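The residues making up each chain are set out below.
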2 protein chains.
Amino acid sequence: MNFDIAMERLKSEGFKRTPSREAILRLLEREDRYLSAGDVRKALADQHPKMSQDTVYRNLSSFSEMKILEETELGGERKFRMHCNRHGHHHHFICMECGRTEELDVCPMEQVSRALPSFVIDDHKFEVYGQCPDCRTAG
Amino acid sequence: MNFDIAMERLKSEGFKRTPSREAILRLLEREDRYLSAGDVRKALADQHPKMSQDTVYRNLSSFSEMKILEETELGGERKFRMHCNRHGHHHHFICMECGRTEELDVCPMEQVSRALPSFVIDDHKFEVYGQCPDCRTAG
DNA sequence: TTTCCAATTCGGAATGACTACGATTTACTC
DNA sequence: GAGTAAATCGTAGTCATTCCGAATTGGAAA
Ligand SMILES: [Mn+2]
Ligand SMILES: [Mn+2]
Ligand SMILES: [Zn+2]
Ligand SMILES: [Zn+2]
């Protein structure tokens, strides 16, 4: 997903176009990795020193709910990234140093569904953590 | 894992046998599901009203580090359960109503390792969420 | 263009999980 | 039974997140 498509999505769902929303989405498009609300505030501190934490949290949550962003929880913190372009279901490798992700095609849920016929399955989480090639070289 | 094996493990690693530790481990053995620190405090409020949160958190963390407990993070909270008896690596279905778990044999990490040869893989998380047969019937 | 108002943001206080820490108590060794 | 390090207690602090009332603003309607 890119900035323009995200803004269209907002408009089509009746959200207003505000400087805060533009700045947050532009940042996430540019960074292309998982950022916490605090990361976002820091990154926008120069251009938008008055943006309140309420605004950051509220918008990140809204964007996540409407699938503009992908969200996970790492180290007790919510983290957000621009939703991948790829169609359909996928998971991520996440670099614990820089937050960058690599998309994974693997998903074992068909097997699991078959193994648990009497359970209601609502959701699942599959994430792989480590060091990306760039961070590995740099380290 | 059961209470007695857990106490042996504590002893062998030089930890003292205290009423707090016994109560926490007995509770987790009996419940056999994921509990938060708050859940533990509430459950022990009758028998051990003076047990401080420091004691609960410190011991749950210690037990988790020494693999007496399994730990996960759900809804922004750390949760703990007695480590399964099963040998070797596995994952869980977790009932979002009652916290009970079902062990899963499926793990897609061999495929992932093959797909990401230039990445350092340190860890992964695979969890399935939903409703267990008991809660389904009860609901 | 101006008016209008619900949506949005702001600033700051409240919440809740978790951690830190000095004082006190306790489990184990001798 | 005395000594000592470990463990616990009580409480205060931290940090991410949420809440709330007041002020501002985007964009539709006049
Ligand atoms: Mn993705
Ligand atoms: Mn297990
Ligand atoms: Zn990296
Ligand atoms: Zn259940």
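Residues numbered from 1 in each chain as written. Chains lettered and ligands numbered in written order. Predicted model: local features only at pLDDT ≥ 70, side-chain atom pairs only at ≥ 80, totals over all residues. Heavy atoms only, no water.

Turning next to the protein's contact with DNA strand D. Taken together, 20 residues lie around DNA strand D, and Tyr57 and Arg78 of chain A together with Thr18, Thr55 and Arg58 of chain B are the ones closest in. Those atoms of DNA strand D that come within 4 Å of the protein belong to sugar or phosphate at a rate of 60%. Arg17 of chain A places a polar main-chain atom, nitrogen or oxygen, 2.8 Å from a phosphate oxygen of DNA strand D. For DNA strand D, a phosphate oxygen lies 2.8 Å from a polar atom in the side chain of Arg21 of chain B. Of all the secondary-structure elements, those providing two or more residues to the surface near DNA strand D are helix H4 (53-65) and strand E3 (77-82) of chain A together with helix H2 (19-31) and helix H4 (53-65) of chain B. In terms of residue count, the dominant contributor to the surface near DNA strand D is H4 of chain B (five residues). The residue makeup of the surface near DNA strand D, split by class, is three nonpolar, seven polar and ten charged. (Near = heavy atom within 4 Å. Polar contact = N/O pair within 3.5 Å; in protein donor to acceptor, adjacent residues only side chain to side chain. Helix = DSSP H or I, 4+ residues; strand = E, 2+ residues; numbered from the N terminus. Nonpolar A, V, L, I, M, F, W, Y, C, P; charged D, E, K, R; others polar.)

So, on to the coordination of the zinc ion (ligand 3). Residues and elements named next belong to chain A. Bound to the zinc ion (ligand 3) are the protein donor atoms Cys95 (SG), Cys98 (SG), Cys132 (SG) and Cys135 (SG), situated 2.2 to 2.5 Å from the metal. Here the zinc ion (ligand 3) is ringed by four donor atoms whose angles at the metal span 101 to 120°, and the overall shape comes out tetrahedral. Each donor residue of the zinc ion (ligand 3) belongs to the same chain, and together they define the spacing C-x2-C-x33-C-x2-C. Judged by its relative accessible area of 2%, Cys95 is buried. Taking relative accessible area as the criterion, Cys98 reaches 13% and is therefore assigned buried. (Donors = N, O, S within 2.8 Å, 3.2 Å for Na, K, Ca; no water. Tetrahedral: all angles 85-135°; square planar, octahedral: opposite > 155°, others 65-115°. Buried < 20%, exposed > 50% of the residue type's maximum accessible area, 1.4 Å probe, protein only.)

The subject of this paragraph is the protein's contact with DNA strand C. Taken together, 21 residues sit near DNA strand C, with Thr18, Arg21 and Arg58 of chain A together with Asp54 and Arg78 of chain B positioned nearest. Restricting the count to atoms of DNA strand C within 4 Å of the protein gives a sugar and phosphate share of 63%. At 3.0 Å, a side-chain N or O of Tyr57 of chain B approaches a phosphate oxygen of DNA strand C. Those elements that place two or more of their residues in the surface near DNA strand C are helix H2 (19-31) and H4 of chain A together with H4 and strand E3 (77-82) of chain B. Here the surface near DNA strand C gets five residues from one element, more than from any other, and that element is H4 of chain A. Taken together, the residues that form the surface near DNA strand C break down as four nonpolar, seven polar and ten charged.

Once that is clear, we can look at the relation of the copies chain B and chain A. Overlaying chain B with chain A gives an RMSD of 0.1 Å, the required rotation being 179° about an axis along which the chain moves by 0.0 Å. When the rotation and shift are considered jointly, the pair of chain copies conforms to a two-fold rotation axis. It is Phe126 of chain B whose C-alpha, among those of chain B, lies nearest the rotation axis, at 2.1 Å. With an isologous cut-off of 70% or more, the 100% of interface residues of chain B that recur at the interface of chain A puts this contact in the isologous class. (Least-squares fit on C-alpha atoms with pLDDT ≥ 70 in both. Contact = heavy atoms within 4.5 Å.)

Attention now goes to the sheet that holds strand E2 (residues 69-74) of chain A. All names here are of chain A. Here we have three strands laid out as an open sheet, ordered E1-E3-E2, and antiparallel in their pairing. At either end of the open sheet lies a strand with only one pairing partner, and these are strand E1 (35-36) and E2. In terms of strand pairing, E1 meets E3 through two bridges, oriented antiparallel. Residue Ser36 lies in a different strand from E3, and its bridge partner there is Lys79. Its contacts with the sheet put H2 on E1, E2 and E3, and the angle it makes with E3 is roughly 80°. (Pairing = 2+ DSSP bridges. Axes fitted to C-alpha atoms, helices over the stretch in contact; angles between N-to-C directions.)

What follows deals with the pattern of salt bridges. The tally for this structure, following the rule as stated, stands at 14 salt bridges over all chains. Notably, a salt bridge pairs Arg26 of chain A with Glu22 of chain A, separated by 3.6 Å at the nearest N-O pair. Placement of both Arg26 of chain A and Glu22 of chain A in helix H2 is noted, with a separation of four residues, approximately one turn of the helix. Notably, a salt bridge pairs Glu31 of chain B with Arg33 of chain B, separated by 2.9 Å at the nearest N-O pair. Taking the relative accessible area as the measure of exposure, Arg33 of chain B reaches 21% and is therefore partly exposed. (Salt bridge = Lys/Arg side-chain N within 4 Å of Asp/Glu carboxyl O.)

Before going further, it helps to spend a moment on the coordination of the manganese ion (ligand 1). All names here are of chain A. Protein coordination of the manganese ion (ligand 1) is provided by Glu70 (OE), Glu70 (OE), Cys84 (SG), His90 (NE2) and His92 (NE2), with donor distances spanning 2.1 to 2.6 Å. Coordination of the manganese ion (ligand 1) draws on donor residues from a single chain, spaced E-x13-C-x5-H-x1-H in sequence. Here the residue Glu70 occupies a position in strand E2, and His90 occupies one in the loop between E3 and strand E4 (91-95), the gap between them amounting to 20 residues.

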